[in-house]
Amino acid sequence: MGLHIFEPRYRLMIRQAWESESKCFGMCAPLGDTFSEYGTILKILSHQMETDGRVLINTVGVRRFRVVSHYKKDGYVVARVCLISDIQRRFDPTQFGRMGAFYRVLSTVTSHLSHNMGHIPSYTEGEGGPDGPGWIWTGLHLVSELTGLSSEVLGGTCGMARFQELVDLFNSLSQTNQF
C-alpha cells in the first residue's frame, strides 16, 4: 500500500520507523474523531524523500492488533498493543472453489488499481498465517476505500466470516454499479 506522508509529526514517525531494525509502524483504522481500538502493523518496503520534505512510502501489512493503551509522543499517538490471530486458521475445504473464483475476480479488479493497491498476494488453498490469506485483506482494503468498512473486521478472528464479509461487500458494490 502506498502512503503519502506530509505532516511533520508523521514524517518524524516514518523516519524513526525506517531507521529501526523492524522498519514497522502501526496504523489504526480511521473512525472520524474517535480513536480506533484496532489497527495493522505496516512494514515499510521502500521510501522516497521529496525535496519539500514529504515522504512517499510503500508498505505491506504484517499483523493486526488491538490497542491496549495509548498516549501522545512527538505529536503522534504511541500505543501498547496486543496482536490478534485468527482462532480458526484453516478454511472450510468445501469453500475452496468459491474462494478461487472470487480471487480471480479480485485479481482482475486490483490489476486496474495496482498503482494504489500494490501487488495482490497469491491465492493458495488453505493459505494463511495468523491473519489468514493476504489476498482477502487486499480485497477488504479495496472495498473499504469505497464503502468505509468498519474497523470491527480487523478485530475478527474467523477467516471464513471475513471472506463472507468481502463477498457481501463486493455484491453490494456491484448492485450499485460501483464496480
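The rules behind each value
Residues numbered from 1 in each chain as written. Predicted model: local features only at pLDDT ≥ 70, side-chain atom pairs only at ≥ 80, totals over all residues. Heavy atoms only, no water. Phe/Tyr/Trp six-rings, centres within 6.5 Å; stacked < 30°, edge-to-face > 60°. Lys NZ or Arg CZ within 6 Å of the ring centre and 35° of its normal. 1 Å grid on protein atoms, 1.4 Å probe; cavity = no way out; pocket = protein on both sides within 12 Å on 5 of 7 lines; lining within 4 Å. Points joined across faces, edges and corners; volume = space filled by probe spheres on them. Helix = DSSP H or I, 4+ residues; strand = E, 2+ residues; numbered from the N terminus. Nonpolar A, V, L, I, M, F, W, Y, C, P; charged D, E, K, R; others polar. Salt bridge = Lys/Arg side-chain N within 4 Å of Asp/Glu carboxyl O. Buried < 20%, exposed > 50% of the residue type's maximum accessible area, 1.4 Å probe, protein only. Core = buried A, V, L, I, M, F, W, Y, C linked by side-chain atoms within 4.5 Å. Expected span 1.5 Å × (residues − 1). Arc of directions from axis to C-beta. Patch = residues over 30% accessible without salt bridge, like charges linked within 9 Å, V, L, I, M, F, W, Y side chains within 5 Å. Areas by Shrake-Rupley, 256 points an atom, 1.4 Å probe, with all protein chains shown as cover. Pairing = 2+ DSSP bridges.

## Digging into the packing of aromatic side chains
Moving on, step 1. Under the defined criterion, the tally for this structure stands at 0 aromatic pairs.
Moving on, step 2. Above the face of the Trp18 ring, Lys23 is positioned so that its terminal group lies 4.7 Å from the ring centre.

## Re the layout of surface pockets
Moving on, step 1. What the second largest pocket holds in volume is close to 810 Å³.
Moving on, step 2. In this structure, the second largest pocket is lined by 26 residues; those nearest its centre are Met13, Phe25, Gly26, Met27 and Val77.
Moving on, step 3. When residues of the lining of the second largest pocket are traced back to their parent elements, those giving at least two are β1 (2–5), α1 (8–19), β2 (24–28), β4 (55–73) and β5 (76–84).
Moving on, step 4. In terms of residue class, the lining of the second largest pocket is made up of 19 nonpolar, 4 polar and 3 charged.

## A look at the pattern of salt bridges
Moving on, step 1. For the structure on display, the rule yields 3 salt bridges.
Moving on, step 2. Across the pair Arg15 and Glu19 runs a salt bridge, and its minimum N-O distance is 3.8 Å. Pair noted here: Arg15 and Glu19 are both in helix α1, with a separation of 4 residues, about one helical turn.
Moving on, step 3. Its relative accessible area of 46% is what places Arg15 among the partly exposed residues.
Moving on, step 4. Arg54 is paired through a salt bridge with Asp52; the nearest N and O atoms lie 2.7 Å apart.
Moving on, step 5. Judged by its relative accessible area of 46%, Asp52 falls in the partly exposed class.

## Let's talk about the nonpolar core
Moving on, step 1. If you look at the biggest cluster of nonpolar residues, it comprises 11 residues: Leu3, Ile5, Met13, Ile14, Ala17, Phe25, Leu42, Ile44, Val55, Ile57 and Tyr76.
Moving on, step 2. Trp137, Met160, Val167 and Phe170 belong to the second-largest nonpolar core, a separate cluster that totals 10 residues.

## Points about α1
Moving on, step 1. With 12 residues, α1 should reach 16 Å at 1.5 Å per residue; the first-to-last C-alpha distance of 16 Å fits that figure.
Moving on, step 2. Within α1 the residues assigned to the buried category are Met13, Ile14 and Ala17. Seen end-on, α1 carries its buried residues on one side only, within an arc spanning 95 degrees. Turned more than 90 degrees from where α1 packs its buried face, Pro8 and Glu19 sit exposed.

## Side note on a nonpolar patch on the surface
Moving on, step 1. A surface patch of nonpolar side chains, about 230 Å² in accessible area, is lined by Leu45, Val60 and Val62.
Moving on, step 2. Considering the arrangement of structural elements, one finds Val62 in strand β4.
Moving on, step 3. Judged by its relative accessible area of 39%, Val62 falls in the partly exposed class.

## Considerations on the pairing of β1
Moving on, step 1. Of the two faces of β1, only the one carrying Leu3 and Ile5 is buried; Gly2 and His4 on the other face are not.
Moving on, step 2. As judged from the 4 bridges shared by β1 and β4, these two strands associate in the antiparallel manner. If you follow Ile5 over to β4, its bridge partner there is Val55.

## Description of unusual backbone geometry
Moving on, step 1. With a phi angle near 60 degrees, Lys23 is a residue other than glycine that sits in the positive phi range.
Moving on, step 2. Within the element layout of this structure, Lys23 appears in the loop between α1 and β2.
Moving on, step 3. Unlike most non-glycine residues, Asp74 shows phi in positive territory, near 55 degrees.
Moving on, step 4. Tracing the backbone through its elements, the reader meets Asp74 in the loop between β4 and β5.

## Quick word on the pairing of β4
Moving on, step 1. Summarising the sheet, strand β3 (residues 38–49) and β4 pair through 11 bridges and their orientation is antiparallel. Pairing of Leu42 across the sheet is with Gly61, part of β4.
Moving on, step 2. Hairpin connection between β3 and β4: a loop of 5 residues separates the two successive antiparallel strands, and Gly53 in this loop has a positive phi of roughly 100 degrees.
Moving on, step 3. As paired elements, β4 and β5 share 9 bridges and run antiparallel to each other. Counterpart to Arg66 in the pairing with β5 is Cys82.
Moving on, step 4. Linkage of β4 to β5, two consecutive antiparallel strands, is achieved through a turn of 2 residues, within which Asp74 is found at a positive phi near 55 degrees.

Everything listed is a geometric property; what it means functionally is a separate question.
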